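# Per-entry structural report
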Amino acid sequence: MAQSFKDTLNLPETAFPMRGDLAKREPGRFKRWDEDRLYYSIQKSNAGGASFVLHDGPPFTNGDVHIGTALNKTLKDITLRYKSMRGYSTPYIPGWDCHGLPIEQKVARALQAENKVVGTAELRGLCDAFSETWIARQREQFKRMGVLADWAAEYKTKAPAYEAEIIRTFAAFIDRGLVYRSKKPVYWSIPFETALAEAEIEYKEHISPSIWVKFSVDAEQAAKYGLPLDKPLSVVIWTTTPWTLPANLAIAVHSAVEYVVADIGAERIIVARALLAQTAEAAKLTEPPTVVTAMPGEKLEHLQTQHPFINRASPVVLADYVTTESGTGCVHTAPGHGQDDYLTGLKYGLEIYCPVADDGKYLDDGKIPADLVGVTTLETDGKCPANSVVLTKLKAGQKLLAVKKYVHQYPHCWRSKSPIVFRAVDQWFVGLDRTNTAGESPRQQANEAIGTVTWVPGFGEKRIRGAVESRPDWCISRQRSWGVPIPAFYDGKGGAFLDGDVARALATKFEEQGSNLWFEASAEELLRDIPLPAGWPAPVDLIKGKDTLDVWIDSGSSHVAVLKRQTKDGVSWPADLYLEGSDQHRGWFQSSLWTSVIACGGKAPYKTVLTHGFIVDVSGEKVSKSNQGQAGYDKPQTAEHYVGKFGADVIRFWIASQDFRDDITLSDKIIEQVSENYRGIRNTLKFQLGNIKGFKAEDAIPLDQLHPLDRWALHQTAEMVNTVTSYYDAYEYHKVYQTITRFVTVTLSATYHTLVKDRLYTLGAKSIERRSAQTAISHIFTLFNRVLAPILVFTSDEARAYALEDADFASGSVHLEKWPTPSINFFAPEVAAEVDAILALVPVVNEKLEVLRQAKTIGRSIDASLEITGPGSQATFRLLEKYKDHLPELFVVSAVNLQTTDSESVQYTAQHAAGVDCPRCWRWVPVLVETPHGACCARCSAALLSTP
């Protein structure tokens, strides 16, 4: 094309950059939002609208924002930006979870490395500073992801006012008589010397030594129970925790199970009949055992057996939980080392005996054999010293019938990764089945409240019901320094004192002076000016407790502290939405539910709960903070890494692309694929911006006068908006992504933008046909850019600025605009259906053109003309005749000739177009017309004459 003709084309013109260069350019846009106080402008503009409160589950403040945390915060931001564009008031107060073992552990290690020893109050101050440092860092990383929030009003679980609300919430537990102190088995982390919450354990495959152990029955007991006396007799137990045998106080059998006395050669054993063969196989007996006699388990109750290496009796007791699935049907029972054992111990008046200290080593209590004292029960590298010593003692006493490796799922501490131990210690508990004056227990109230909540996806309800129904009483005390103190006092004689009114009075002091007061003041000083209940000793005779509250009460009280007792406009209780990972059915969702039903009238703290899966790598391995630092694990984990490499909008687009109800696969390759789709969107926006630059509202033509292809495109866009809106409403952001991507690649790039270029570029700048296309594109851009806004927060705002000012920034923001609601006039179902029918013929036409292309008869489709023949009565032919003036544009050829024939079907013939090709528009025409720019077709000549 001659240079003079190129200069006459209406080529797209925009400064909107082709390359987003997101990693470098996005921070400047968020800085502009901060300076313009965009979050507050959004809230002000929607102040009169209905409220939508998404309550933020607080991330832990001990490291950079993990990519999984970024996933969570981004989903929240997408949701709130969409809701705000729909006109909702969307106050969003972000939070920070500040207390807990991981922070205390890191601070303690740093002190240890410097050989420093500090008091509790100073240690807490260092933990506070450590947490504050990461809050500042994480806040900036969330902003870098494009997250808008009321950062000035953020809540911190370590703030004095928040800590006071935790204590006030806890006081409601006390008022209902739910809090009690007991020596019960709890999950115990030996490395951290503390009890663990249920949410702080994870089940992993574990190899344990399973052992069959003989508890002998003496002749007197055998005679009393009518058992044979002529050979040594033993009851055989089975266990996978040999280290708990020193704490054995009984053997449990099932009353209805049949037990047998079996001859195994020189001795006899008692086991369940159903497990005799399995026991014989494990013992590698050379001869099959012979049954001498049999009896139901209930006949063995109170039979006294002898502990295998400690001089004490171990009676037979009855328990319904005994099964014949494995083992011997005779269950080793240590009330200090298991929940079922504990309950059986209470039933039979057994001591809740735990000879293991906080550090996991056997105590010298006068009962433990000397060779076990000081031996640890902690397993390291698959080896447990206590197990080894116990096995040696059993073998020496000829009490070990069999031993095998046993692979099973066993609870591990989620931080140390070491197997936990069940250990009975004095702890504070919340009785979840204790009833109030109305006869309601927290568990009953929680189950009722669950039914009032919408769970997304639906299986979330089953998960939380299972967690609530199976949960034992809540162990709420922790042996830690960095946390909220349990406001309990002791008299030094075993008496413990806890009162709701006293707790609330202390909460007021904490709010004014901080909870460090508890660790700095004496009991007498703490209780000064606080009226004490009847029966309490004088303050001078009391000792303050050292335990802190389970941190799940910290975060579980957030709905009370942030929503129920709020002072921010638009904030309300209960929350409209909680949105967290699916592990929170056992964590924050559940702890929030317990605090709510106990302290807030039996109601749930949320109306809807939406959960997402975990981020995994291509092999399916979870990409978690807890894996970082392990040998051979070097996968990047931080959001900062991925945002720095791809840009926040690409990461947000990737997050939106995933069906987050399932686990989400992360890899550079996957993100690069999403990045390609992002580039397609950017190309689309650039094309639209370039073709509507300078276009004004007064330039638009009435919608009912649009070119049929433009009416089709606008109709498709309006349909897309309605479809996408329904997906946003359902939180199905992966379907939003799919719909938008398909719209860009198929509807716009492959079809509309390709077909409309000729009209846009070659016709007169102010011609009706070009103005028609610009009118449609202007509407399409506005609709399309706004549906992108909740996800592509930076790009959509940038595109709007270029639409208004053709520059990086313009006044206002796309995020202040309302959600697009397509006008009824945007829809043209009849025209759209007819254009669709014609476009469906394009593959047929292209087949004919490809034959010419292969023969080198034509180079481009515009070099061809079409001959279409068919019966005039045929629907397709009638449609083609209706749109005959538009067919060259729709088929991208120079000419289309229609001829009515007597044939039964429509026939298509392609040939090289006749005439000469126009050097300006490349169409073939009969003759060219001379112009000052040179010879061109009559249509181009008219366009040139219309140009000023």
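Remember, predicted model here, so these are calculated numbers, not experimental data.

So, about the overall build of the protein chain. Regarding its fold elements, the protein chain presents 31 helices and 32 strands. A compact globule built from 948 residues would reach a C-alpha radius of gyration of about 30 Å, whereas the protein chain, at 38 Å, exceeds it by more than 25%. Each principal axis of the C-alpha distribution contributes one length, and for the protein chain these read about 125 × 75 × 55 Å. Considering the protein chain as a whole, with its 948 residues, one finds that 58% of them fall into the buried category.

All right, on to the packing of aromatic side chains then. Counted by the stated rule, this structure contains 29 aromatic pairs. Considering the side-chain rings of Phe170 and Phe173, the 6.3 Å spacing of their centres and the 45° angle between planes classify their relative orientation as tilted. A residue pair is termed a helical-turn pair when its members lie 3 or 4 positions apart in one helix, as Phe170 and Phe173 do in helix 7 (residues 160-175) at 3 residues. With relative accessibility at 0%, the residue Phe170 sits in the buried group. Ring geometry for Phe743 versus Phe784: centroids 5.8 Å apart, planes at 50°, classification tilted. Pair noted here: Phe743 is in helix 24 (residues 733-762) and Phe784 is in helix 25 (residues 768-788), with a separation of 41 residues, a long-range link. On the basis of relative accessibility, which here comes to 0%, the residue Phe784 falls in the buried class.

Strand order across the open sheet formed by 4 strands is 5-4-16-18, with antiparallel pairing between neighbours. Only two strands of the sheet have a single neighbouring strand rather than two, namely strand 5 (194-195) and strand 18 (474-475). Bridge analysis of strand 4 (residues 179-189) against strand 5 gives 2 bridges, and the strand direction is antiparallel. Across the sheet, Trp188 pairs through a bridge with Ala195, a residue of strand 5.

This next bit is on empty space enclosed by the protein. Counting across every chain of the model gives 4 cavities of 30 Å³ or more. Tallying contributions element by element places strand 6 (residues 201-217) first for the lining of the largest cavity, with 3 residues. Per-class residue counts for the lining of the largest cavity are 9 nonpolar, 6 polar and 1 charged. The volume enclosed by the second largest cavity comes to roughly 90 Å³.

The next subject is the sheet that holds strand 30 (residues 907-912). In space, the 3 strands of this open sheet follow the order 29-28-30, with mixed pairing throughout. Single-partner strands in this sheet number two, and they are strand 29 (895-900) and strand 30. The sheet shows a mean angle of 20° between the axes of neighbouring strands, direction not considered. Those strands touched by helix 28 (residues 842-854) are strand 28 (864-870) and strand 30, and its axis lies near 35° from that of strand 30. Seen against the sheet, helix 29 (residues 875-882) touches strand 28, strand 29 and strand 30 and runs at an angle of roughly 135° to strand 29.

Looking along a regular strand, one sees side chains alternate from face to face of the sheet. Counting buried positions over the 7 residues of strand 7 (residues 233-239) gives 7, a clear majority of the element. Alternating positions in strand 7 separate into two faces, Leu233, Val235, Ile237 and Thr239 on one and Ser234, Val236 and Trp238 on the other, with burial throughout. Two elements, strand 6 and strand 7, share 7 bridges in a ladder whose sense is antiparallel. What sits directly across from Ile211, in strand 7, is Thr239. Here 3 bridges tie strand 7 to strand 10 (residues 268-272), and the two strands are oriented parallel to one another. When the sheet's bridge partners are listed, Val235 is paired in strand 10 with Ile270.

Every buried residue of helix 20 (residues 639-646) is accounted for by Ala639, Tyr642, Val643 and Phe646. Down the axis, helix 20 shows its buried residues gathered within 100° of arc, on one side only. Elements that come into contact with the buried residues of helix 20 comprise helix 2 (22-35), helix 4 (67-85), helix 6 (120-144), helix 21 (648-657) and helix 22 (668-692). Backbone geometry just downstream of helix 20 places Gly647 in the positive-phi region, at approximately 95°.

Side chains that are nonpolar tend, in soluble globular proteins, to be buried together. Within the largest apolar cluster, 128 residues are counted, with the highest numbers of intra-cluster contacts made by Ile651, Trp654, Tyr752, Phe784 and Phe891. The dominant element in this core, judged by the number of residues it contributes, is helix 24, at 12 residues. Beyond its immediate stretch of four places on either side in the chain, Ile651 contacts Ile67, Met145, Tyr642, Val643, Phe646 and Ile671. With 68 residues, the next largest nonpolar core counts Leu178, Val562, Leu563 and Val609 among its residues.

The next thing to look at is the state of the cysteines. Counted under the stated rule, the structure contains 0 disulfides. Here Cys918 stays unpaired: no disulfide links it, and the sulfur of Cys937, its closest cysteine neighbor, is 3.7 Å away. Taking relative accessible area as the criterion, Cys918 reaches 0% and is therefore assigned buried. The thiol sulfur of Cys940 is not disulfide-bonded, and the nearest other cysteine sulfur, from Cys937, lies at 3.5 Å.

Here Ile824 lies in the loop between helix 26 (793-805) and helix 27 (829-839). C-alpha of Ile824 to C-alpha of His715: the two residues are 109 residues apart in sequence and 9.7 Å apart in space.

Across the interface, helix 7 lies against helix 19 (residues 588-599) with an axial gap of 9 Å and an inter-helix angle of 60°. Compared by their axis directions, helix 7 and helix 19 come out oblique. Every pair of crossing elements has a handedness; the one defined by helix 7 and helix 19 is left-handed. The residues of helix 19 that touch helix 7, namely those facing Thr169, Ala172 and Phe173, are Trp594, Thr595, Ile598 and Ala599.

How each quantity is defined
Counting of residues starts from 1 at the beginning of each chain's written sequence and follows it residue by residue. At least 70 in pLDDT is required for a residue's local features to be given in this predicted model, at least 80 for side-chain atom pairs to be given and counted, and no such filter applies to totals for whole chains, interfaces and linings, which use all residues. Values shown for side chains rest on all heavy atoms present in the structure; no hydrogens or waters enter the calculation. Only DSSP runs of H or I with at least four residues qualify as helices, and only runs of E with at least two residues qualify as strands; both kinds are numbered from the N terminus onward. Radius of gyration here is computed from C-alpha atoms only, and the compact-globule reference equals 2.2 Å multiplied by the residue count raised to the power 0.38. We call a residue buried when its accessible area falls under 20% of the maximum for its residue type, exposed when it is over 50%, and partly exposed in between, using a 1.4 Å probe and counting protein chains only. Centres within 6.5 Å make a pair out of two Phe, Tyr or Trp rings, where for Trp the six-membered ring is used; the pair is then stacked when the planes are under 30 degrees apart, edge-to-face when over 60, and tilted otherwise. Only strands joined by at least two bridges in the DSSP assignment are considered to pair. Using protein atoms alone on a 1 Å grid, points that fit a 1.4 Å probe yet trap it form a cavity, whereas open point sets bounded by protein on both sides within 12 Å along at least five of seven lines form a pocket; residues with an atom within 4 Å of a point count as lining. Grid points are joined across faces, edges and corners, and a volume is the space filled by probe spheres set on the points. Residues are grouped as follows: Ala, Val, Leu, Ile, Met, Phe, Trp, Tyr, Cys and Pro are nonpolar; Asp, Glu, Lys and Arg are charged; every other residue, Gly included, is polar. Helix axes are fitted to C-alpha atoms over the stretch in contact, other axes to C-alpha atoms as well, and angles between N-to-C directions run from 0 to 180 degrees. Contacts are assigned to residue pairs that have any heavy atoms within 4.5 Å of one another. The arc refers to the directions leading from the helix axis to the C-beta atoms. Nonpolar cores are built from buried Ala, Val, Leu, Ile, Met, Phe, Trp, Tyr and Cys residues. Side-chain atoms within 4.5 Å join them into one set. Cysteine sulfurs are considered disulfide-paired once they come within 2.5 Å of each other. Oblique is the label for any angle not covered by the other classes, which are roughly parallel (under 35 degrees), roughly antiparallel (over 145) and roughly perpendicular (65 to 115). For any helix crossing, the convention is left-handed if the near helix is rotated counterclockwise from the far helix by under a right angle, and right-handed if that rotation is clockwise.

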